[in-house]
Number of protein chains: 2
Amino acid sequence: MPSTRDRLIDAAFALFEERGFDETTVDDVAARAEVGRTTFFRAFRSKEDVIFPDHDAMLGAVSARLATATAATVEVAVTEAAHVVLAHYLAEGTRAQQRYRLTRSVPALRSREVASLLQYQQVFRTFLHGWTGGTARADLRAELLANAVVTAHNHVLRRWLRETITAGEAEAEFATSMDEVLRIFADPAPSVGGTAVVVLRSDQPVESLLPALREVVARPET
Amino acid sequence: MPSTRDRLIDAAFALFEERGFDETTVDDVAARAEVGRTTFFRAFRSKEDVIFPDHDAMLGAVSARLATATAATVEVAVTEAAHVVLAHYLAEGTRAQQRYRLTRSVPALRSREVASLLQYQQVFRTFLHGWTGGTARADLRAELLANAVVTAHNHVLRRWLRETITAGEAEAEFATSMDEVLRIFADPAPSVGGTAVVVLRSDQPVESLLPALREVVARPET
DNA sequence: CTGTCGGTGGGACTGAGTACCGTGTCAAGT
DNA sequence: ACTTGACACGGTACTCAGTCCCACCGACAG
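By the naming in an unreviewed UniProt entry, chain A is TetR family transcriptional regulator, taken from Nocardioides hwasunensis.

Structure (structure tokens):
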């Protein structure tokens, strides 16, 4: 016998799929789960929350992963933290896609989903702020990067949710997308392939920069 | 005598400020505006909507500005479209800051605000998608850029809403922030003022790259 | 047998949002 | 002057989400 909470989740997904979200009352859900209406609101704060049952747990998992980072492993931590979420959705399988259909068609659920997205961005932002903070420019960059990570993750996730790509392809695209994001935000100069391109700027003639150039080229990596 | 709609807006802001959002009923707002409750719901879809009275108009203004763009003026269009929103908030003055305090303290209003943010991102995204679309990588970049523009705008706007900077400073920071965003997403090597120097790293000695450098520097713009 | 504690159910209540109907007003059109 | 119709508004009644409070029940300890 599954737990009361799980029975409520199953009942909710089933009924929302059958009749639609607005056409289903909390009473209906509670009735199908064979519990009282009060019990529903003890398990979930609202009718919408039952669609995102483990959002809080995910948020905690992301925070936990980020907390293990050091200054040298910020990028890895960010990537893996985002991957925790992706992996969870992929593991959910059908249910995640069912939720996606619901969030597309019901405005209330859509805004709920967006609100949870913002929470992820918040977590990434405060994390990055801790490592890169300081100047106003750094703050902006931290926020942009946090945002970009979540956006890239969602971009890939959505493609899987729409069933345009398989789970395996999603994993691969996630990796390349995160690389793309980190490359875009890497400063000061992105490096593509075997050749690194560095951009300096000055008003002096090219020849006078040669010593500086020599130093840059001699350094193995940025 | 201001219009019924305007009286409702004034009444709502006043009461939400005095008693708080949750402690104020729609009846209260309607009563202070000296209209019936029904009239409130005819003017606004929900109790939250009265806080964002001209959001729809803003969305339209942004779309309109973007629609005038050509392939050559995409960046300018994006910048100016975002600026339309900033300018509107700055013109609102006190009321915008009042709204900000409300959205910080009331979760329901916060998620409503976030939902409207997403609509802006959507507009920018479909716009950019139209100009840059094609490959999966281009799609991702378009979404990232749309996101970054909205994020940068909001970053600056928030600083003004918190009254950490003045309206004039907000304008200046907006310009530099948008430059920063466009620079981050510019590919592959941005050139700003003065002389641009591109350094290629390879296995060959620096001197052998001089002809290539000279050619790059000679070219006026990327 | 008694206390109590966690999970549960029920019933009453508030308030948002909707549907429907009635009314006053203003501006033609005749 | 009378009708007609569009329009904005007010009132009533209803559904349903969410809250509050109280009662119940089984487990478990003393």
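Having put the structure on the table, let's press on.
Caption draft 1: The arrangement of the overall build of chain A in detail. The number of helices and strands found in chain A is 10 helices and two strands. Along chain A, from the amino end to the carboxyl end, the secondary structure elements read α-α-α-α-α-α-α-α-α-β-β-α. Long-range contacts, defined as pairs at least 24 residues apart, comprise 63% of the intrachain contacts of chain A with a sequence gap of at least 6. Of the roughly 11,000 Å² that chain A leaves accessible, carbon and sulfur atoms contribute 54%.

Caption draft 2: Structural context of the packing of aromatic side chains. Summed over the entire model, instances satisfying the criterion amount to seven aromatic pairs over all chains. Arranged with centres 5.6 Å apart and planes meeting at 50°, the rings of A:Phe40 and A:Phe44 form a pair that is tilted. Neither A:Phe40 nor A:Phe44 differs from the other in exposure class; each is buried. With 6.2 Å between their ring centres and 85° between their planes, A:Phe185 and B:Phe185 make a pair best called edge-to-face. Separated into two different chains, A:Phe185 in helix α9 (residues 167–185) and B:Phe185 in helix α9 (residues 167–185) make up a pair that spans both. Accessibility assignment for this pair places A:Phe185 and B:Phe185 in one class, buried. Among the aromatic residues, ring-to-ring pairing joins A:Phe40, A:Phe41 and A:Phe44 into one connected group. Cation over ring: A:Lys47 sits above A:Phe21, and NZ or CZ is 4.3 Å from the ring centre. Sitting over the face of the ring of B:Phe13, B:Arg95 holds its NZ or CZ atom 4.4 Å from the ring centroid.

Caption draft 3: Focus on the environment of B:Thr24. Residue and element names in this part refer to chain B. Examined against the element boundaries, Thr 24 turns out to sit in the loop between α1 (4–19) and α2 (26–32). In sequence terms Thr 24 and Lys 47 are 23 residues apart; their C-alpha atoms lie 9.8 Å from each other. Aside from chain neighbours lying at most four places away, what touches Thr 24 is Leu 15, Phe 16, Arg 19, Val 29 and Lys 47. Among the polar contacts listed, one links the side chain of Thr 24 to the backbone oxygen of Leu 15, at a separation of 3.5 Å.

Caption draft 4: Region of the structure containing the protein's contact with DNA strand D. Neighbouring DNA strand D are 15 residues; A:Arg37, A:Lys47, B:Thr4, B:Gly36 and B:Thr39 lie closest to it. Backbone atoms, meaning sugar and phosphate, make up 50% of the atoms of DNA strand D lying within 4 Å of the protein. Contacts to DNA strand D include A:Lys47, whose backbone N or O atom sits 2.7 Å from a phosphate oxygen. A distance of 2.5 Å separates a phosphate oxygen of DNA strand D from a polar side-chain atom of B:Thr4. Counting residues per element, the ones that place at least two in the surface near DNA strand D are α3 (37–43) of chain A together with α3 (37–43) of chain B. For the surface near DNA strand D, the element with the highest residue contribution is α3(B), accounting for three residues. Within the surface near DNA strand D, the residues separate by chemical class into three nonpolar, seven polar and five charged.

Caption draft 5: Representation of the nonpolar core within the structure. By size, the foremost hydrophobic cluster in this structure holds 84 residues, and its most contacted members are A:Phe124 and B:Phe124. Look past the residues within four positions of A:Phe124 in its chain and what remains in contact with it is A:Val62, A:Leu66, A:Val78, A:Ala81, A:Ala82, A:Ala146, A:Val149 and A:Val150.

Caption draft 6: Geometry of the domain arrangement of chain A. Residues and elements named next belong to chain A. Split by domain assignment, chain A resolves into domain 1 (4–49) and domain 2 (52–188). Between domain 1 and domain 2, the C-alpha centre-to-centre distance is 28 Å. The interface is formed by 11 residues belonging to domain 1 together with 12 residues belonging to domain 2. Together domain 1 and domain 2 conceal approximately 1,200 Å² of surface at their shared face, both sides included; 53% is due to carbon and sulfur atoms. For the interface between domain 1 and domain 2, the tally reads four salt bridges. For Asp 10, the salt bridge goes to Arg 95, with nearest N and O atoms at 3.1 Å. Where domain 1 touches domain 2, the interface holds eight residue pairs in polar contact (both at pLDDT 80 or more).

Caption draft 7: Broad picture of the protein's contact with DNA strand C. Around DNA strand C, the surrounding shell holds 14 residues, and the nearest of these are A:Thr4, A:Gly36, A:Thr39, B:Arg37 and B:Lys47. Near-protein atoms of DNA strand C (within 4 Å) split between backbone and bases, with sugar and phosphate holding 44%. Within the side chain of A:Arg42, an N or O atom sits 2.9 Å from a base nitrogen of DNA strand C. In the environment of DNA strand C, a phosphate oxygen lies 2.7 Å from a nitrogen or oxygen atom belonging to the backbone of B:Lys47. When contributions to the surface near DNA strand C are tallied by element, the ones reaching two or more residues are α3 of chain A together with α3 of chain B. Sorting elements by how many residues they give to the surface near DNA strand C places α3(A) first, with three residues. By residue class, the composition of the surface near DNA strand C is three nonpolar, seven polar and four charged.

Definitions and limits used
- Residues numbered from 1 in each chain as written.
- Chains lettered and ligands numbered in written order.
- Predicted model: local features only at pLDDT ≥ 70, side-chain atom pairs only at ≥ 80, totals over all residues.
- Heavy atoms only, no water.
- Helix = DSSP H or I, 4+ residues; strand = E, 2+ residues; numbered from the N terminus.
- Contact = heavy atoms within 4.5 Å.
- Areas by Shrake-Rupley, 256 points an atom, 1.4 Å probe, with all protein chains shown as cover.
- Phe/Tyr/Trp six-rings, centres within 6.5 Å; stacked < 30°, edge-to-face > 60°.
- Buried < 20%, exposed > 50% of the residue type's maximum accessible area, 1.4 Å probe, protein only.
- Lys NZ or Arg CZ within 6 Å of the ring centre and 35° of its normal.
- Polar contact = N/O pair within 3.5 Å; in protein donor to acceptor, adjacent residues only side chain to side chain.
- Near = heavy atom within 4 Å.
- Nonpolar A, V, L, I, M, F, W, Y, C, P; charged D, E, K, R; others polar.
- Core = buried A, V, L, I, M, F, W, Y, C linked by side-chain atoms within 4.5 Å.
- Domains from an automatic or database assignment.
- Buried area = accessible area lost by both parts, 1.4 Å probe.
- Salt bridge = Lys/Arg side-chain N within 4 Å of Asp/Glu carboxyl O.

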